[in-house]
Amino acid sequence: MRVRTGFGYDSHRLVEGRPFMLGGIAIPHDKGGLGHSDADVLLHAICDALLGAVALGDIGLHFPDTDAAWKDADSRKLLAHVVKLLREKGWTVGNMDCTVVLEKPKLRPHVDAMRAAIAELLGTDQDAVSVKASTNEKMGFVGREEGVCAYAIVLVEKH
Ligand code: MG
């Protein structure tokens with residue numbers, strides 16, 4: 001069996017009047033991510049981790065923000081496409097670990113729903129998907145609640 005790892009990072013501004021999509025679900029909040037797509041920062045970091053593991057570029061290469069096809073796109077569709085690209089090359093996801101960094105709201109009540117949504121998209125067990133949350137101790141753009149960022153690391157396998 002061959003294994004490879006990949007790492008992904010993304011950030012988005014948080015603004016009023018947008019739904020807050022995170023990990024494939026809508027999180028109740030008075031702000032949401034600003035972006036060309038639905039601005040799901042966690043799914044975008046996961047896409048980049050997967051693309052990185054198989055050296056297929058990054059999310060901007062596959063889904064350019066100049067392309068009207070991806071305007072307000074459901075990021076679950078982006079991730080499903082990335083998973084398909086990996087499968088075509090014979091790779092499956094072993095496990096994934098993610099951290100979302102934001103001040104508000106508390107993510108704990110939503111973590112299992114995000115893990116379930118991500119596991120379904122990846123075609124893995126929920127046990128193989130970890131979602132963690134951290135604040136930024138009120139420092140920087142995250143601390144000022146101007147934005148949210150996410151990190152993801154993945155292990156992929158080829159049998
Ligand atoms: Mg993004």
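The structure reproduced in this document is the subject of the present report.

Criteria and cut-off values
- Residues numbered from 1 in each chain as written.
- Predicted model: local features only at pLDDT ≥ 70, side-chain atom pairs only at ≥ 80, totals over all residues.
- Heavy atoms only, no water.
- 1 Å grid on protein atoms, 1.4 Å probe; cavity = no way out; pocket = protein on both sides within 12 Å on 5 of 7 lines; lining within 4 Å.
- Points joined across faces, edges and corners; volume = space filled by probe spheres on them.
- Nonpolar A, V, L, I, M, F, W, Y, C, P; charged D, E, K, R; others polar.
- Core = buried A, V, L, I, M, F, W, Y, C linked by side-chain atoms within 4.5 Å.
- Buried < 20%, exposed > 50% of the residue type's maximum accessible area, 1.4 Å probe, protein only.
- Helix = DSSP H or I, 4+ residues; strand = E, 2+ residues; numbered from the N terminus.
- Expected span 1.5 Å × (residues − 1).
- Contact = heavy atoms within 4.5 Å.
- Donors = N, O, S within 2.8 Å, 3.2 Å for Na, K, Ca; no water.
- Polar contact = N/O pair within 3.5 Å; in protein donor to acceptor, adjacent residues only side chain to side chain.
- Axes fitted to C-alpha atoms, helices over the stretch in contact; angles between N-to-C directions.
- Left-handed = near helix turned anticlockwise from the far one by under 90°.

## Structural notes on empty space enclosed by the protein
Here the idea is plain: a probe the size of a water molecule rolls over the atoms and shows the empty space left. Within this structure, the stated rule accounts for one cavity of 30 Å³ or more. Considered as a void within the structure, the largest cavity measures approximately 40 Å³ in volume. Of the residues in the lining of the largest cavity, the class split is three nonpolar, two polar and four charged.

## Let's talk about the nonpolar core
In this structure, L22, L42, I46, L50, L79 and L122 are the most contacted members of the largest nonpolar core, which totals 46 residues. Element by element, the count of residues in this core is highest for helix α1 (residues 41–53), at ten residues.

## Regarding the layout of surface pockets
Approximately 220 Å³ is the volume attributed to the largest pocket. Every element with two or more residues in the lining of the largest pocket is listed here: β1 (2–16) and α2 (59–62). Per-class residue counts for the lining of the largest pocket are five nonpolar, six polar and two charged.

## Looking at helix α4 (residues 111–122)
If you check α4, its first and last C-alpha atoms are 16 Å apart, about what twelve residues at 1.5 Å a residue would give, namely 16 Å. Of the surrounding elements, those touching the buried residues of α4 are β2 (20–22), β3 (25–27), α1, α3 (75–88), β5 (92–101) and β6 (129–134). Positive phi appears at G123, one or two residues downstream of α4, with a value of about 75°.

## Considerations on the coordination of the magnesium ion
Protein ligation of the magnesium ion involves D10 (OD), H12 (NE2) and H44 (ND1), the donor distances falling in the range 2.1 to 2.2 Å. In terms of primary sequence, the donors binding the magnesium ion are separated according to D-x1-H-x31-H. Owing to a relative accessible area of 18%, D10 belongs among the buried residues under this scheme. Under the relative-accessibility criterion, H12 is labelled buried at 14%.

## Looking at the side chain of T99
Note on placement: T99 falls in strand β5. A polar contact is formed between the side chain of T99 and the side chain of K132, at a distance of 3.1 Å. In this structure, T99 is in contact with K132, S134, C149, A150 and Y151, ignoring residues within four places of it in sequence.

## Remarks on the packing of α1 against α4
At a closest axis distance of 12 Å, the pairing of α1 and α4 adopts a crossing angle of 35°. Judged by the twist between their axes, the crossing of α1 over α4 is right-handed. Residues L42, L43, I46 and L50 of α1 form the contact with α4, whose own contacting residues are M114, I118, L121 and L122. Residues of the contact of α1 with α4, tallied by class, amount to eight nonpolar, no polar and no charged.

## Details of unusual backbone geometry
Put simply, K104 and P105 share a cis peptide bond, and its omega is -5°. Its place among the elements puts P105 in the loop between β5 and α4. If you check the backbone angles, A39 has positive phi at about 65° while not being a glycine. You can see A39 is positioned in the loop between β4 (31–34) and α1. Classification of A39 as buried rests on a relative accessible area of 2%.

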